[in-house]
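Breakdown of the fold
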Amino acid sequence: MNILIWHVHGSWTTAFVQGRHSYLLPVVPGRGPEGRGRARTWDWPDSAVEITPPELADHPVDAIVVQRPEDEDLAGKWLGGRRPGTDVPIIWLEHNAPQGRINDMRHPAADRKDVAIVHVTPTNALFWDCGSTSSRVIQHGVIDPGYRYTGDLPRAGVAVNEPVRRGRVTGTDLLPQLARSVPLDVFGMGVESLVAPGVTVHEDLPQDELHEQLARRRVYLHPYRWTSLGLALVEAMMLGMPVVGLATTEVPHAVPPDAGIITNDVERLRRGLVELAADPARAAACGRAARAAAIERFAVGRFLAEWDDLLAEVAR
């Protein structure tokens, strides 16, 4: 199948393009949000093909995976008269936890018969109001980076993109107080504007280098208040890192009790960082449990098989 999909979330797409299809990634001049093309910091197979809007006009497309309202609008302009949802099936991939009041969490694709919605976590499926639109959960798949944990640096690693803009959502406000007890290394895009004592930032490392650097930190910190389950958390678990994190959204189900410390008590969160940073043997044991849990739940083979089932269903 030829699947049209935009490069929006690099880690998720890295797993998705490992399948047996051809993945058409729009690319526009300047590689802006309308079409970034292939990833530059992930290793993608040749089946992930860059395609320009003029080329799409007469290129066969069997399904469209949209992740933003504008994706559907762009497909409507670029597909040479073929109508998304009528002539080409649409799957709406919902990465994000909804924002706002509970009664107002209505999905943009609610009450549509021409769309299938895929949530990446059961938490998302619970909170989004999709009305009568067909929806299901396909949980993340993550390519196993291998056990790389050394934990030789008694520091905590955090992975977050745009921590200042996203603020309380990602728990950025908690970092300065936690860094007073255990030094923090923050990895991601847009981290250079984060300035606080005890916090060192590492801007947009290639994925393999990010994994190597994270695995040297004694513990992984996940301070997110409200988000879908971050793929960086799952990757850290697969690296063999113990986890200290907030018990919000999907985290309590993804991180078993023997893999670290999951709590909504910020003081307990702080103590957990201190305890694991000071105890390499316990940290390594928790990390091994984290890795076992992540491999069991987030295997890329299961992920791709579930997507193949859905793609075959919508393309009939």
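See above for the structure.
This structure is a prediction, so every number in the text was calculated from the model and none was measured.

1. Focus: helix 12 (residues 300-314)
In a regular helix each residue adds 1.5 Å, so 15 residues correspond to 21 Å; helix 12 covers 21 Å between its end C-alpha atoms and thus fits that length. Of the residues making up helix 12, those classed as buried are F303, L304, W307, D308, L310 and L311. Buried residues along helix 12 sit in contact with strand 1 (2-5), helix 1 (10-16), strand 4 (63-66), strand 5 (90-94), strand 6 (115-119) and strand 7 (134-137).

2. Some words on the layout of surface pockets
Estimated volume of the second largest pocket: approximately 220 Å³. Taken together, 15 residues line the second largest pocket, and the ones lying closest to its centre are T14, I143, P145, Q207 and H211. Those elements that provide at least two residues to the lining of the second largest pocket are helix 1, helix 7 (207-214) and helix 8 (231-239).

3. Here we look at the sheet that holds strand 6
Judged by pairing direction, the sheet is parallel, and its seven strands sit side by side in the order 3-2-1-4-5-6-7 without closing on themselves. Each edge of the open sheet carries a strand with a single partner, namely strand 3 (48-51) and strand 7. Averaged over all pairs of adjacent strands, the angle between strand axes in this sheet comes to 25 degrees, irrespective of strand direction. Two strands pair when backbone bridges link them, and strand 5 and strand 6 are joined in this way by five bridges, in the parallel orientation.

4. Focus on the packing of aromatic side chains
Within the structure shown, the criterion is met by seven aromatic pairs. Centre to centre, the rings of F16 and W307 are 5.1 Å apart; their planes meet at 75 degrees, and the pair counts as edge-to-face. Taken together, the positions of F16 in helix 1 and W307 in helix 12 put the pair 291 residues apart, joining distant regions of the chain. Classification of W307 by relative accessible area gives buried; the value is 1%. Linked through ring pairs, W12, F16, Y23, F303 and W307 together constitute an aromatic cluster.

5. Here we look at the sheet that holds strand 8 (residues 153-159)
Strand pairing in a sheet takes place through backbone hydrogen bonds and is either antiparallel or parallel in direction. Spatially, 10-9-8-11-12-13 is the arrangement adopted by the six strands of the open sheet, whose pairing is parallel. Since the sheet does not close on itself, it has two edges, and those belong to strand 10 (199-203) and strand 13 (260-262), each with one partner. Going from strand to strand, the sheet's axes swing by 25 degrees on average, the running direction of each strand aside. Bridge analysis of strand 8 against strand 11 (residues 217-222) gives three bridges, and the strand direction is parallel. Residue pairing for strand 11: A156 is matched across the bridge by V219. Taken strand by strand, helix 8 contacts strand 8, strand 11 and strand 12 (243-245), and its axis lies near 155 degrees from that of strand 11. Strand contacts of helix 10 (residues 266-277): strand 8, strand 11, strand 12 and strand 13, with the helix running at about 165 degrees to strand 11, the strand carrying the most contacts.

6. Regarding the pattern of salt bridges
In total, this model carries 25 salt bridges according to the counting rule given. With a closest N to O distance of 2.8 Å, R112 and E72 form a salt bridge. Remark: E72 occurs in helix 3 (residues 69-78) and R112 occurs in the loop between strand 5 and strand 6; sequence separation between them is 40 residues. This pair shows no difference in class: R112 is buried, exactly as E72 is. Linking R112 and D114 is a salt bridge whose minimum nitrogen-to-oxygen distance equals 2.9 Å. Assessed through its relative accessible area of 30%, D114 is described here as partly exposed. Through salt bridges with shared partners, a single ionic network connects R68, E70 and D71.

Reading the values: rules and limits
- Once a new chain begins, its residue numbering starts again from 1 and follows that chain's sequence as written.
- Local features are withheld for residues below a pLDDT of 70 in this predicted model, meaning they are given only at 70 or higher, and side-chain atom pairs are given and counted only at 80 or more; totals for whole chains, interfaces and linings count all residues.
- As a rule here, side-chain values cover all heavy atoms of the structure and leave hydrogens and water aside.
- Elements are defined by DSSP. Helices are runs of H or I of four residues or more, strands are runs of E of two residues or more, and each kind is numbered from the N terminus.
- Here the expected length of a helix is defined as 1.5 Å per residue gap, with one fewer gap than residues.
- For each residue, the accessible area found with a 1.4 Å probe, counting protein chains only, is set against the maximum for its type, and the residue is called buried under 20%, exposed over 50%, and partly exposed in between.
- Here, two residues are considered to be in contact whenever any of their heavy atoms come within 4.5 Å of each other.
- In this analysis a 1.4 Å probe is tested at points of a 1 Å grid over the protein atoms alone, and where it fits but cannot get out there is a cavity; an open set with protein on both sides within 12 Å along at least five of seven lines is a pocket; lining residues have an atom within 4 Å of a point.
- Grid points are joined across faces, edges and corners, and a volume is the space filled by probe spheres set on the points.
- Note on pairing: two strands pair once DSSP finds at least 2 bridges between them.
- Lines fitted to C-alpha atoms define the axes, with helix axes restricted to the stretch in contact, and inter-axis angles between N-to-C directions lie between 0 and 180 degrees.
- When the centres of two rings from Phe, Tyr and Trp lie within 6.5 Å, Trp using its six-membered ring, the rings pair. Their planes under 30 degrees apart give stacked, over 60 give edge-to-face, and anything left gives tilted.
- Salt bridges are counted wherever a side-chain nitrogen of Lys or Arg sits within 4 Å of a carboxyl oxygen of Asp or Glu.

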